[in-house]
Amino acid sequence: MAAQNSWDRKSTTVVTELNPVQKPLVVLGALAAIILYIAIVVRTNWTQGTLFLIGLGLGMTLLHARFGFTSAFRRLVSVGNVQGLQAHMLMLAVASTLFAVILANDFSFTGIEPKGYVSPVGVSVIFGAFLFGIGMQLGNGCASGTLYSLGGGSSSMILTLLSFIAGSVLGAYHFTFWMEDTPALPPISLAESTGLGYFGAWAVQLVLFGLIYWITVKVAKRKNPPMMKPLPTISGWKKLFRGAWPLFAAAIVLALLNALTLTIRGNPWGITSAFALWGGKALMAAGVDVSTWGYFSGANGAALTNTVLADSTSVMNFGIMLGAFISAAMQGTFKPKRMKPGVAGAAIIGGLLMGYGARLAFGCNIGAYFGGIASFSLHGWVWAVMAMLGTYLALFIRPLFGLKNPKANDSIC
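Since this is a predicted model, take the numbers as computed values, not measurements. (Residues numbered from 1 in each chain as written. Predicted model: local features only at pLDDT ≥ 70, side-chain atom pairs only at ≥ 80, totals over all residues. Heavy atoms only, no water.)

**Here's the deal with the overall build of the protein chain**
Along the protein chain, the regular secondary structure elements total 17 helices and 4 strands. For 413 residues, the compact-globule estimate of 2.2 N^0.38 gives 22 Å, and the protein chain sits close to it at 20 Å. Across the 413 residues in the protein chain, those meeting the buried criterion constitute 54%. At a minimum sequence separation of 6, the contacts of the protein chain that also span at least 24 residues come to 82%. Approximately 17500 Å² of the protein chain is accessible, and the part contributed by carbon and sulfur atoms is 68%. (Helix = DSSP H or I, 4+ residues; strand = E, 2+ residues; numbered from the N terminus. Rg over C-alpha atoms; globule rule 2.2 N^0.38 Å. Buried < 20%, exposed > 50% of the residue type's maximum accessible area, 1.4 Å probe, protein only. Contact = heavy atoms within 4.5 Å. Areas by Shrake-Rupley, 256 points an atom, 1.4 Å probe, with all protein chains shown as cover.)

Right, here's the structure in full:
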């Protein structure tokens, strides 16, 4: 109680006593990471190994801050809590700054020309992002949330991930229809399609981030919403490995790691393309020739015949889950629980909607929202609006599965 009373409501962490380190699990996670890293380097190359290490860093960062996209949207729409969205604005501002420098100067550590995620804006993006917004609220996690929560011990995320993969495969099967038979504008880059250049697009986006942040401050003052439940942490350098991290600090780290990913593999951080690949490989093993589908043409088709360790998105996803597992064990919080039937049902439906929606919308909360906006793509902004609308609708659906929404009279949310 003393720790709770000393909590600064502006902070997302509070210094208090932590659970004991789960040492056997830490050792198990570290050994698994070492073995997988060696396998990746031996089977592929050092670049893939480096991306796996970045994935570990992403998983640790997400877990330590419980950095949410799903929860940030839900808290904002339900009670007007803006802490999560404010962290997003900081993350996007830092990432946009770094991306502008990298893309304008073709900067790369590996010689691969860096290219941002700039995709068409059309019916598929609008509908897909809306579905994703509903799905992430039912599944209680977005793409990144599913991976780090699963690594952190959330039992329901097993079902969410499996159905996420199934939905991604279904979206891949219907991909040609959505791309060829529905109206869409061409890819629109605020930097390259407008004449603004990267400096001009960067300036425009910073103004937008600042405006959104200013609006969130006004919303918070008017609604006085409940603050996020503070996460337990510890003082000193041990916080890096044991305690929770401030939300804004994690936002900066995520932006830095995304920019580093861009300079190494030539594309920003992404997650869900690997789910389609995993599902496609499973169907191929079962005798279904998915190589004839439009989605699995070109590079996507080539990935079907290669080891999954050669897919950069896959190895980063493995890193995220392992990084979260190790961090949860360090915090002593890896404690899977039994699922309630309603939660299980919502997880399955939510995963299906997210998987299908991500394929239609050219990405998820990471590839489309984070990576798209940081790449100055208009489709990233459209994704954000439609996912927020999907979140609003999902607030009415969640109670049907026994899922709770934040309330204005809650002390914390």
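**Looking at unusual backbone geometry**
Positive phi outside glycine occurs at Arg66, with the angle close to 45°. Take Arg66: it is sitting in the loop between helix H3 (46-65) and helix H4 (70-79). Located in the positive-phi region is Phe362, a residue other than glycine, with phi close to 60°. Its location among the elements puts Phe362 in the loop between helix H15 (341-360) and helix H16 (365-374).

**Description of empty space enclosed by the protein**
Throughout the structure, instances matching the rule amount to 1 cavity of 30 Å³ or more. As a volume, the largest cavity reaches approximately 60 Å³. Surrounding the largest cavity, Arg66, Phe67, Gly68, Ser71, Ala72, Arg75, Gly84, Ala87, His88, Met228 and Leu247 form its lining. Where the lining of the largest cavity is concerned, the elements lending two or more residues are H4 and helix H5 (83-105). Looking at side-chain class alone, the lining of the largest cavity contains 5 nonpolar, 4 polar and 2 charged residues. (1 Å grid on protein atoms, 1.4 Å probe; cavity = no way out; pocket = protein on both sides within 12 Å on 5 of 7 lines; lining within 4 Å. Points joined across faces, edges and corners; volume = space filled by probe spheres on them. Nonpolar A, V, L, I, M, F, W, Y, C, P; charged D, E, K, R; others polar.)

**Structural notes on the packing of aromatic side chains**
For the structure on display, the rule yields 24 aromatic pairs. When the ring of Phe209 is compared with that of Trp381, the centres are 5.7 Å apart and the planes differ by 25°; the resulting orientation is stacked. Taken as a pair, Phe209 in helix H10 (residues 197-223) and Trp381 in helix H17 (residues 378-397) lie far apart in primary sequence, 172 residues in all. A relative accessible area of 3% places Phe209 in the buried class. Here Tyr295 and Phe296 contribute two aromatic rings whose centre-to-centre distance is 5.0 Å and whose plane-to-plane angle is 85°, an arrangement assigned as edge-to-face. Judged by relative accessible area, which is 8%, Tyr295 ranks as buried. Given a relative accessible area of 3%, Phe296 falls into the buried group. Through a chain of ring-to-ring contacts, the aromatic side chains of Phe67, Phe69, Phe73, Phe132, Phe164, Phe275, Trp278, Phe318, Tyr369 and Trp383 assemble into a single cluster. (Phe/Tyr/Trp six-rings, centres within 6.5 Å; stacked < 30°, edge-to-face > 60°.)

**Let's talk about the side chain of Ser119**
Along the polypeptide, Ser119 turns up in the loop between H5 and strand S2 (121-122). Non-local contacts of Ser119, meaning those with residues more than four positions away in its chain, are made with Pro187, Ile188, Phe362, Ser377 and His379.

**A few points about the layout of surface pockets**
Roughly 980 Å³ of internal volume is contained in the second largest pocket. Around the second largest pocket, the lining is made up of 39 residues, and of these Tyr117, Asn267, Ser273, Asn300 and Thr313 lie nearest the centre. Among the elements of the structure, H3, helix H12 (272-285), helix H13 (299-305) and helix H14 (312-331) are those that each provide at least two residues to the lining of the second largest pocket. Per-element tally for the lining of the second largest pocket: the top contributor is H12, with 5 residues.

**Brief notes about the environment of Gly371**
Among the structural elements, Gly371 can be located in helix H16. With 276 residues separating them in the primary sequence, Gly371 and Ala95 have C-alpha atoms 8.6 Å apart. Not counting chain neighbours up to four residues away, the residues in contact with Gly371 comprise Phe99, Tyr117, Asn258, Pro268 and Ile366.

**With respect to the side chain of His64**
Looking at the secondary structure, you find His64 in helix H3. A polar side-chain atom of His64 sits 3.4 Å from a polar atom in the side chain of Ser327. When near neighbours in sequence (up to four residues on either side) are disregarded, His64 contacts Leu231, Leu240, Phe241, Arg242, Gly243, Ala244, Trp245, Ser327 and Gln331. (Polar contact = N/O pair within 3.5 Å; in protein donor to acceptor, adjacent residues only side chain to side chain.)

**Observations regarding the environment of Glu113**
Note that Glu113 resides in the loop between H5 and S2. Contacts of Glu113, omitting those with residues within four sequence positions, involve Asp106 and Gly266.

**Describing helix H11 (residues 247-265)**
Taking 1.5 Å as the rise per residue, H11 with 19 residues should run 27 Å; its terminal C-alpha atoms sit 27 Å apart, in good agreement. After H11 finishes, the residue Gly266 shows a positive phi value of roughly 90°. (Expected span 1.5 Å × (residues − 1).)

**Considerations on the nonpolar core**
Formed by 100 residues in total, the largest nonpolar core has its most connected members in Phe67, Met91, Phe132, Trp269, Ile271, Tyr369 and Trp383. Looking at this core, the element that brings in the most residues is H5, giving 11 residues. Contact partners of Ile271, with chain neighbours within four places excluded, come to Ala143, Ser144, Leu147, Thr313, Asn317, Ile320, Cys364 and Ile366. Core analysis: the next-biggest nonpolar cluster, separate from the first, contains 5 residues, Ile134, Leu138, Ala346 and Ala394 among them. (Core = buried A, V, L, I, M, F, W, Y, C linked by side-chain atoms within 4.5 Å.)

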